[in-house]
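Here is how the chains run, residue by residue.
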Amino acid sequence: YCVVPVEKIGLNFNNVEATVNLHNEFVAAYRDKNYDQCRNLVKFLLGSFAGEVDTFYEEILHRLDTL
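For every chain, the first residue of the written sequence is number 1, and numbering continues from 1 onward in sequence order. Where local features are concerned, this predicted model is filtered to residues with pLDDT of at least 70; where side-chain atom pairs are given and counted, the filter is 80 or more; whole-chain, interface and lining totals use all residues. The basis for every side-chain value is the complete set of non-hydrogen atoms in the structure, without hydrogens or water.

Considering the side chain of aspartate 54
Here a strand is any run of E in DSSP of at least two residues, a helix any run of H or I of at least four, and the numbering for each starts at the N terminus. Here aspartate 54 is to be found in helix H4 (residues 54-65). For aspartate 54, a relative accessible area of 17% gives the class buried. Side-chain polar atoms of aspartate 54 contact the backbone nitrogen of glycine 47, separated by 2.8 Å. A contact between two residues is defined here by any heavy atoms of the two lying within 4.5 Å. Those residues in contact with aspartate 54, other than ones at most four positions away along the chain, are Leu45, Leu46, Gly47 and Ser48. The buried label goes to any residue with under 20% of its type's maximum accessible area, the exposed label to any with over 50%, and the partly exposed label to all in between, with areas taken from a 1.4 Å probe on protein chains only. Any N or O atom pair separated by 3.5 Å or less is treated as a polar contact, with the protein-specific requirement of one donor-capable and one acceptor-capable atom, and with residues adjacent in sequence counted only for side-chain atom pairs.

Shown next, in the form of structure tokens:
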């Protein structure tokens, strides 16, 4: 789990639900070994959540690069 403080997100809650859905798709694609989908989704996810989750995405990309 990851908790991002609301002050980091700011007042732009309109995109939060869509971004959470993309994140869930990313995790599901990784779990299903759909690595091309992970690479596609991460383009939209990096920088989201005020950058608080970027290290997670970067670590997954690193793992994909070393497969």
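Overview of the nonpolar core
For our purposes a nonpolar core is just a set of buried Ala, Val, Leu, Ile, Met, Phe, Trp, Tyr and Cys residues, chained together by side-chain atoms within 4.5 Å. One finds Val4, Phe26, Ala29, Cys38, Leu41, Val42, Leu45, Phe49, Val53, Tyr57, Ile60 and Leu64 forming the largest nonpolar core, which totals twelve residues. Secondary structure elements with two or more residues in this core: helix H2 (16-31), helix H3 (35-45) and H4. Of all the elements, H3 adds the most residues to this core, at four residues. Dropping the residues within four chain positions of it, phenylalanine 49 is found in contact with Val4, Thr19, Val20, His23 and Tyr57.

Section: the packing of aromatic side chains
Stacked, edge-to-face and tilted are the three classes for Phe, Tyr and Trp ring pairs, Trp counted by its six-membered ring, which pair at centre distances within 6.5 Å; planes under 30 degrees apart are stacked, over 60 edge-to-face, the rest tilted. For the structure shown, the criterion picks out four aromatic pairs. Relative to tyrosine 57, the ring of phenylalanine 26 lies with its centre 5.3 Å away and its plane at 90 degrees, an arrangement referred to as edge-to-face. A residue pair is termed long-range when its members are at least 10 positions apart, and phenylalanine 26 in helix H2 and tyrosine 57 in helix H4 qualify at 31 residues. A single burial state applies to phenylalanine 26 and to tyrosine 57, both of which are buried. Plain terms: the ring middles of tyrosine 30 and tyrosine 35 are 6.1 Å apart, the flat faces sit at 50 degrees to each other, and that makes the pair tilted. An aromatic cluster of at least three residues, connected via ring pairs, comprises Phe26, Phe56 and Tyr57.

The values are spatial; any link to function lies outside them.
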